[in-house]
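Tertiary structure, described
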Amino acid sequence: MTDLPPLNSLRAFDAAGRRLSFRAAADELGVTQGAVAQQVRQLEAHLDVILFERVPKGLVFTSVGRSFHSRIAGVFADLRAATAELKPEPNKVVVSVTPTFAAKWLIPNLPDFTATHPDIDLRIMATDKVSSFHSDGIDLAVRQGSPPFGASLDVTLLFKQTLIAVASPKLAGLGGHPLDPEALSKQPKIHDTHDLWPSYLAFLGVQDQSPRGLRLSQTSLAVDAAIAGQGVALVSRFLVAQDLEAGRLVEVGKMWEASGNDFYVLIPRTAKNNRPVSEVMSWLKTRSAEDA
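These lines cover the structure that appears in this document, whether it is placed above or below. All figures in this text were calculated on a predicted structure; none of them were measured in a lab.

1. Quick look at the packing of helix α1 (residues 7-19) against helix α2 (residues 22-29)
At a closest axis distance of 8 Å, the pairing of α1 and α2 adopts a crossing angle of 125 degrees. With respect to each other, α1 and α2 are oriented oblique. Of the two possible hands of crossing, α1 and α2 adopt the one that is right-handed. In contact with R11, A12, A15, A16, R18 and R19 of α1, α2 contributes F22, A24, A25, E28 and L29.

2. Here we look at the packing of α1 against helix α3 (residues 33-47)
In contact at an axis separation of 8 Å, α1 and α3 are set at 110 degrees when each is read in the N-to-C sense. Taken as axis vectors, α1 and α3 run roughly perpendicular relative to one another. At the point where α1 passes α3, the crossing takes the left-handed sense. Residues N8, S9, L10, A12, F13 and A16 of α1 lie in contact with α3, whose contacting residues are V36, Q39, V40, Q42 and L43. Residue composition of the contact of α1 with α3, grouped by class: 7 nonpolar, 4 polar and no charged.

3. Here's the deal with the nonpolar core
Counting residues in each nonpolar core, the largest one holds 25 residues, and the members touching the most others are F101, W105, L140, V280 and L284. Within the residue set of this core, elements represented by two or more residues are β3 (92-97), α5 (99-116), β5 (140-145), β6 (153-159), β13 (262-268) and α10 (275-291). Excluding its chain neighbours within four sequence positions, the residues that come into contact with L284 are W105, L140, V142, L158 and V265. Counting residues in hydrophobic clusters, the runner-up holds 18 residues, among them F13, A25, A26 and L43.

4. Points about the environment of T127
With respect to the element layout, T127 can be found in the loop between β4 (121-126) and β5. For T127, a relative accessible area of 17% puts it in the buried group. When the C-alpha atoms of T127 and D243 are compared, they prove to be 23 Å apart, with 116 residues separating the residues in sequence. With near-sequence residues (within four places) excluded, T127 lies in contact with S96, V97, T98, P99 and R143.

5. Looking at the environment of I267
As for its placement among the helices and strands, I267 is situated in strand β13. Looking at I267, the relative accessible area reads 5%, which means it is buried. Sequence separation between I267 and F133 is 134 residues; the distance between their C-alpha atoms is 8.7 Å. When sequence neighbours within four positions are dropped, the list of residues in contact with I267 reads D139, L140, S152, L153, D154, V277 and M281.

6. Digging into the environment of S278
Looking at where S278 falls in the secondary structure, it is placed in helix α10. On the accessibility criterion, S278 (27% relative accessible area) is partly exposed. Residues S278 and D208, spaced 70 residues apart in sequence, show a C-alpha to C-alpha distance of 45 Å.

7. Some points on the pattern of salt bridges
According to the stated counting rule, one finds 17 salt bridges in the structure shown. A salt bridge links D154 to R269, with the shortest nitrogen-to-oxygen separation between them at 2.6 Å. Pair noted here: D154 is in strand β6 and R269 is in the loop between β13 and α10, with a separation of 115 residues, a long-range link. You can call D154 buried: its relative accessible area is 17%. A residue is classified by how much of its surface remains accessible, and R269, at 45% relative accessible area, is partly exposed.

8. Observations regarding the sheet that holds β4
A sheet is described by the order of its strands in space; here 5 strands give the open sequence β4-β3-β5-β13-β6, paired in mixed fashion. Lying at the two open borders of the sheet, with one neighbouring strand each, are β4 and β6. This sheet shows a mean twist of 25 degrees between the axes of neighbouring strands, independent of strand direction. Packed on one face of the sheet, α5 meets β3, β4, β5, β6 and β13 and runs near 165 degrees to β4. Along the sheet face, α10 touches β3, β4, β5, β6 and β13 and points at about 25 degrees away from the line of β6.

Criteria and cut-off values
- Residues numbered from 1 in each chain as written.
- Predicted model: local features only at pLDDT ≥ 70, side-chain atom pairs only at ≥ 80, totals over all residues.
- Heavy atoms only, no water.
- Axes fitted to C-alpha atoms, helices over the stretch in contact; angles between N-to-C directions.
- Helix = DSSP H or I, 4+ residues; strand = E, 2+ residues; numbered from the N terminus.
- Parallel < 35°, antiparallel > 145°, perpendicular 65-115°, else oblique.
- Left-handed = near helix turned anticlockwise from the far one by under 90°.
- Contact = heavy atoms within 4.5 Å.
- Nonpolar A, V, L, I, M, F, W, Y, C, P; charged D, E, K, R; others polar.
- Core = buried A, V, L, I, M, F, W, Y, C linked by side-chain atoms within 4.5 Å.
- Buried < 20%, exposed > 50% of the residue type's maximum accessible area, 1.4 Å probe, protein only.
- Salt bridge = Lys/Arg side-chain N within 4 Å of Asp/Glu carboxyl O.
- Pairing = 2+ DSSP bridges.

Put into structure tokens, the structure is as follows:
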């Protein structure tokens, strides 16, 4: 088994490599410059390699030193992150949301949250993956679907799945006015992963007659494509409320209540008495009611 180098030598090497200076590394570690240099020399002796070239203005990696430091720095970064997760941060709240919900609703509304809750450190984890409250350190999550989500969770409805067809007012042939179903069926469609166009067109009583379609992995990308004039997107109305108000998009189709795939906020029952989490939950409910 290969003997591991002394931890203090590795710490000195990590700091010196990030700073490329013994003096700066010493300031970071709270020791003398000579102590850092000695620790690095001991590491070089242990490994029987030269890690740094000493130059008048500081340090320069050797090729083997640069390669070794890239691995060591990652290990120390992981150790610091793991240690930070263990430290109590009473005002930290981690919310897990989809990238679309984050980009199109949560982030535009964050100035209001920051103004009304300046003491809460809200951290946003935007992912399409199903996150674990325990292993991922999540305090609450916003998800689209249908209850039940689990007996250990409190579930609150935020937004109904109210879909509208939207497009750029500059899209050829639209003129910024709503279209009748037959005319809408002929427009180029922008599809996201939910791909609700077939159901929506069936609701309108028409079939798709568009010459082409654009398929994207996220609803937020579909919205951006619609703004860019690439076609008509089918999205939840609350996600494009600001784009409609600003005139970047216009409604071009009849509203459709698509049941069974609404937006909910989920919170573990054990977190109900956590003041910061409860305040974030309350803000989400209040703000969503204003935008519904």
